[in-house]
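Understanding the architecture of this molecule
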Amino acid sequence: SRKWHENVKGFRELAFMNIRDANERILECVNSGSDILRMEAQIALVRLSDDNPFHFLHYLEKPFTLWEQITLHELLIQHELKVPEFKQWFDSENISVVIFALEMVSFFNQKRSDKEVIRLFSHGNENVRNTAFKVSGDLGLNNALPELEKIYHQETYKNKLNILDTFVRVPEEKYLSFLKSVLDTEDEVQLQIKATKAIESTDEPGVSMLVKLMKSKSGYKNYQIIIRHVLDGRIY
């Protein structure tokens, strides 16, 4: 039928009866110009999949909207479907698919995707890199820290914040010199605060460094308010 609502009705009935004979025909509709038809095709394919409920993402050219992502994620959980390895979509040309895949790697704690997540630190899209930085913190990837240190100064302000947040969440004493250099060179207050929090997160070594800097009468006097703010336990 050329009527989209007839197609939707057919998709729903096939999914309800678990009939997979029309999967290829349904797949043709995942890039439909109709938002409703496109979403119903995605829902049907998730329900009718044997091994990979998100297989259609390999063919998705349209933006994968937040509403579609939420709906299909809930469907995956509700029906206890098999969770795929989401790193398989990291090379997709569809940026929204790559970002969704990263977020699912984080949600399902797929730490075995660590090397692929780190590879995305050099992705050409700023939002993909930003999400990859956040996911590395979510997963606690210690092996991501050397690369984050290397690329920090060439990143955008927004991405710098997420890089520093990863150092907060994955504290390593050996990066104190790098974090101190960030505190020295950055003029933006939020970056200074994040760097200070990352230093503090290393516990005794970092706190000792901050106390020393706070008491110093050298050039660090400009940071005294920030350091005092971070060390004040009443704020948290």
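Above this text is the structure in question.
Calculation notes
- Residues numbered from 1 in each chain as written.
- Predicted model: local features only at pLDDT ≥ 70, side-chain atom pairs only at ≥ 80, totals over all residues.
- Heavy atoms only, no water.
- Buried < 20%, exposed > 50% of the residue type's maximum accessible area, 1.4 Å probe, protein only.
- Helix = DSSP H or I, 4+ residues; strand = E, 2+ residues; numbered from the N terminus.
- Arc of directions from axis to C-beta.
- Contact = heavy atoms within 4.5 Å.
- Expected span 1.5 Å × (residues − 1).
- Salt bridge = Lys/Arg side-chain N within 4 Å of Asp/Glu carboxyl O.
- Patch = residues over 30% accessible without salt bridge, like charges linked within 9 Å, V, L, I, M, F, W, Y side chains within 5 Å.
- Areas by Shrake-Rupley, 256 points an atom, 1.4 Å probe, with all protein chains shown as cover.
- Phe/Tyr/Trp six-rings, centres within 6.5 Å; stacked < 30°, edge-to-face > 60°.

**Some remarks on helix α13 (residues 224-231)**
Buried within α13 we find Ile226, Ile227 and Val230. Down the axis of α13, the smallest arc covering the buried residues is 95°, so these residues share one side. At its buried positions, α13 is contacted by α11 (189-200) and α12 (204-215).

**Observations regarding helix α5 (residues 95-107)**
An α-helical segment advances 3.6 residues per turn. Residues three or four places apart therefore align on the same side. With 13 residues, α5 ought to run about 18 Å at 1.5 Å a step, and its terminal C-alpha atoms sit 18 Å apart, in line with that. Among the 13 residues of α5, 10 are classified as buried, and the element is accordingly described as predominantly covered. Contacts from the buried residues of α5 go to α4 (66-78), α6 (114-119) and α7 (126-138). Note on α5: the residue one or two positions beyond its end, Asn109, has a positive phi of about 50°.

**With respect to the pattern of salt bridges**
One pass over the structure, following the stated rule, counts 15 salt bridges. A salt bridge links Asp165 to Lys194; the shortest N-O distance between them is 2.9 Å. Placement of the pair is Asp165 in helix α9 (residues 157-169) and Lys194 in helix α11, with a sequence separation of 29 residues. Look at Lys194 and you get partly exposed, because its relative accessible area is 23%. Connected through shared salt-bridge partners, Lys134, Asp138, Asp165, Arg169 and Lys194 make up one network.

**Concerning a nonpolar patch on the surface**
There is a patch of nonpolar side chains on the surface, built from Phe16, Met17 and Ile19 and spanning about 340 Å² of accessible area. Note on placement: Ile19 falls in the loop between α1 (4-17) and α2 (23-27).

**As for the packing of aromatic side chains**
By the definition in use, this model includes 13 aromatic pairs. Ring geometry for Phe167 and Phe178: centres 5.2 Å apart, planes at 45°, overall tilted. Of this pair, Phe167 sits in helix α9 while Phe178 sits in helix α10 (residues 176-185), and the two are 11 residues apart along the sequence. The two residues Phe167 and Phe178 agree in class, both being buried. By the ring-pair criterion, three or more aromatic residues cluster together here, those being Phe54, Phe56, Phe64, Phe86, Trp89, Phe100, Phe107 and Phe108.

**Some words on the environment of Ile26**
Relative to the helices and strands, Ile26 is located in helix α2. Looking at Ile26, the relative accessible area reads 0%, which means it is buried. Separated by 136 residues in the primary sequence, Ile26 and Asn162 have C-alpha atoms spaced 39 Å apart. Excluding anything up to four places from it in sequence, Ile26 contacts Phe11, Leu14, Ala41, Ala44, Leu45 and Leu48.

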